[in-house]
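Architecture and fold: a report
The chain contents come next:
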Amino acid sequence: MTAGIYTGRAKLKTLLLEEKAIGGEIVVADIVENYPGFPKGISGSDLTSAIEEQARSFGVEICEIGATRIELNGENRIVHTTDDRMITTKTIIIAAGTQNIKLNVPGEKLFTGRGVSYCAQCDGAFFKDKEIIVVGGGDTAIGDAIFLTRFARKVSVVHRRDKLRAEKILQERAFSIPSIEFIWDSVITGIEGKKTVEAVSLKNLKTDTVVTKRIDGVFIFIGNNPNTGFVKDIVTLDESGYIITDENMGTNQPGIFAAGDIRSKMVRQVATAVGDGAMAGSSVQRYIEKLETVKK
Ligand SMILES: Cc1cc2nc3c(=O)[nH]c(=O)nc-3n(C[C@H](O)[C@H](O)[C@H](O)COP(=O)(O)OP(=O)(O)OC[C@H]3O[C@@H](n4cnc5c(N)ncnc54)[C@H](O)[C@@H]3O)c2cc1C
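About the thresholds
Residues numbered from 1 in each chain as written. Predicted model: local features only at pLDDT ≥ 70, side-chain atom pairs only at ≥ 80, totals over all residues. Helix = DSSP H or I, 4+ residues; strand = E, 2+ residues; numbered from the N terminus. Buried ≥ 20, exposed ≤ 12 C-beta atoms within 10 Å, placed from the backbone. Contact = placed C-beta atoms within 7 Å. Pairing = 2+ DSSP bridges. Core = buried A, V, L, I, M, F, W, Y, C linked by C-beta atoms within 7 Å. Domains from an automatic or database assignment. Axes fitted to C-alpha atoms, helices over the stretch in contact; angles between N-to-C directions. Right-handed = clockwise from strand over helix to strand, strands pointing away.

Take the overall build of the chain next. Helices and strands together make up the secondary structure of the chain, namely 6 helices and 17 strands. Based on the C-alpha atoms only, the size of the chain along its principal axes is roughly 70 × 40 × 35 Å. Out of the 296 residues in the chain, the part that is buried amounts to 36%. A sequence separation of at least 24 residues applies to 58% of the contacts in the chain between residues at least 6 apart.

What follows is the structure, given as structure tokens:
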């Protein structure tokens, strides 16, 4: 939508395709405290509604369908859609984000944004002096468990094996922090609560015993998948499947740009996605200007 604000304002005809919820994954966040301009925080849905209104005010057309494939045809790029349309365009900005790998247990979806989180940087500060669980044993899980001890009184790392996959140095740091405990060989089988998370069911995979643990939050770090399936044959991806771009958001294909969480980069946040969008929108303008100059 930010890219659309830039291209729309530059009087370029802009169509935004969205297959699920307009606004992307931040829509479900109860409160966003680290996006500039809102000192008291703002809900994800209020933030994205405002951005949507701004994009539409510059003529961005939003169509609630998905893109299934991109085809190259000379200087044209053709987008195939879930309703079997073929949209011909000169430029495309791919901003299809990522999907967190889910535990797929009862309560997970219901409490997402209300105690269940996939982002320590986003939600850690809401758990000051609370008790939380971190699920996972890789670098992100252990790095974020350490980060979360800045806020939480106690962090319990639940891991399905009896050893971690994370880098040794992270493991050593985590083992040395008294407020981190490890619950080995265990998985969460359910998340319960009223308005927010209050407890989880924990199953020990070696003994098959299930216990209920009182908890205020569950951070799930078992991996992320970029939504690049529909473009994997068109643009270059990194080893984890994220789109590689240059600093102007250009991909290896002329006229195809990428922005936001789908890019190969370090920090995946609203502020960085918005920055990418602004850059991608500006790059599109330059690309179109160049095409038109060549034709004259
Ligand atoms: C619960 C939660 C809380 C968060 N809290 C914060 C926070 O406090 N602060 C912060 O900065 N960040 C936060 N984040 C991270 C933030 O949401 C992301 O960094 C940001 O949304 C990335 O924006 P994006 O546009 O790149 O991708 P997304 O928001 O993922 O948007 C991508 C969109 O593309 C659509 N799409 C995917 N494939 C297709 C297709 N083939 N065709 C059409 N549409 C498609 C998806 O449906 C989605 O709507 C949070 C995330 C979550 C889940």
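Once you've had a look at it, read on.
Moving on, we come to the pairing of strand β4 (residues 76-81). Here strand β3 (residues 67-73) runs beside β4; their pairing, made up of 6 bridges, is antiparallel. Each bridged residue has a counterpart across the sheet, and for Ala-67 the counterpart in β4 is Thr-81. Hairpin connection, β3 to β4: the antiparallel pair is bridged by 2 residues, and Gly-74 has positive phi, about 60 degrees. Hairpin connection of β4 to strand β5 (residues 86-89): 4 residues between the antiparallel strands, including Asp-84 at a positive phi of 65 degrees.

So, on to the nonpolar core. Counting residues in each nonpolar core, the largest one holds 37 residues, and the members touching the most others are Ile-93, Ile-94, Phe-257, Ala-258, Ala-259 and Ala-280. Ranked by residue count, the leading element in this core is helix α6 (residues 270-295), at 5 residues. Beyond its immediate chain neighbours, meaning those up to four positions away, Ala-280 contacts Ala-3, Ile-93, Met-249, Phe-257 and Ala-259.

Let us now look at the domain arrangement of the chain. Size of an interface, as often reported, equals the accessible area lost when the parts are brought together. Each domain of the chain was delimited in the assignment, giving domain 1 (2-99 + 224-295) and domain 2 (116-220). Between the C-alpha centres of domain 1 and domain 2 the distance comes to 33 Å.

All right, on to helix α1 (residues 2-9) then. Of all the 8 residues making up α1, 7 are buried; the element is thus mostly covered by neighbouring parts of the structure. Buried within α1 are the following residues: Thr-2, Ala-3, Gly-4, Ile-5, Tyr-6, Thr-7 and Gly-8. Lys-11, located one to two residues past α1, shows a positive phi value of around 65 degrees.

The next thing to look at is the sheet that holds strand β9 (residues 131-135). With parallel pairing, 5 strands are arranged side by side in an open sheet as β8-β15-β9-β10-β11. The sheet is open, and its two borders are formed by β8 (116-117) and β11 (180-183), each paired with just one other strand. Of the strand pairs in this sheet, β8 and strand β15 (residues 217-220) are connected by 2 bridges, and their pairing is parallel. What sits directly across from Val-116, in β15, is Val-218. Set on the sheet, helix α4 (residues 139-148) makes contact with β9, β10 (154-158), β11 and β15; between it and β9 the angle comes to about 165 degrees.

For the rest of this paragraph, the subject is the pairing of β11. When β10 meets β11, the two strands line up parallel, connected through 4 bridges. Along β11, the bridge assignment pairs Val-157 with Phe-182. Remark: the β10/helix α5 (residues 168-176)/β11 crossover connection has right-handed handedness.

Looking now at unusual backbone geometry. As a rule of thumb, non-glycine residues mostly have phi less than zero, and peptide bonds are mostly trans rather than cis. Its identity as a non-glycine residue notwithstanding, Asn-104 has a phi of 60 degrees, on the positive side. Tracing the backbone shows Asn-104 in the loop between β7 (98-100) and β8. Classification of Asn-104 by C-beta neighbours within 10 Å gives exposed; the count is 7. The backbone of Asp-185 sits at a positive phi, close to 55 degrees, despite the residue not being glycine. In this fold, Asp-185 is placed in the loop between β11 and β12 (186-193). Given 14 C-beta atoms within 10 Å, Asp-185 falls into the partly exposed group.

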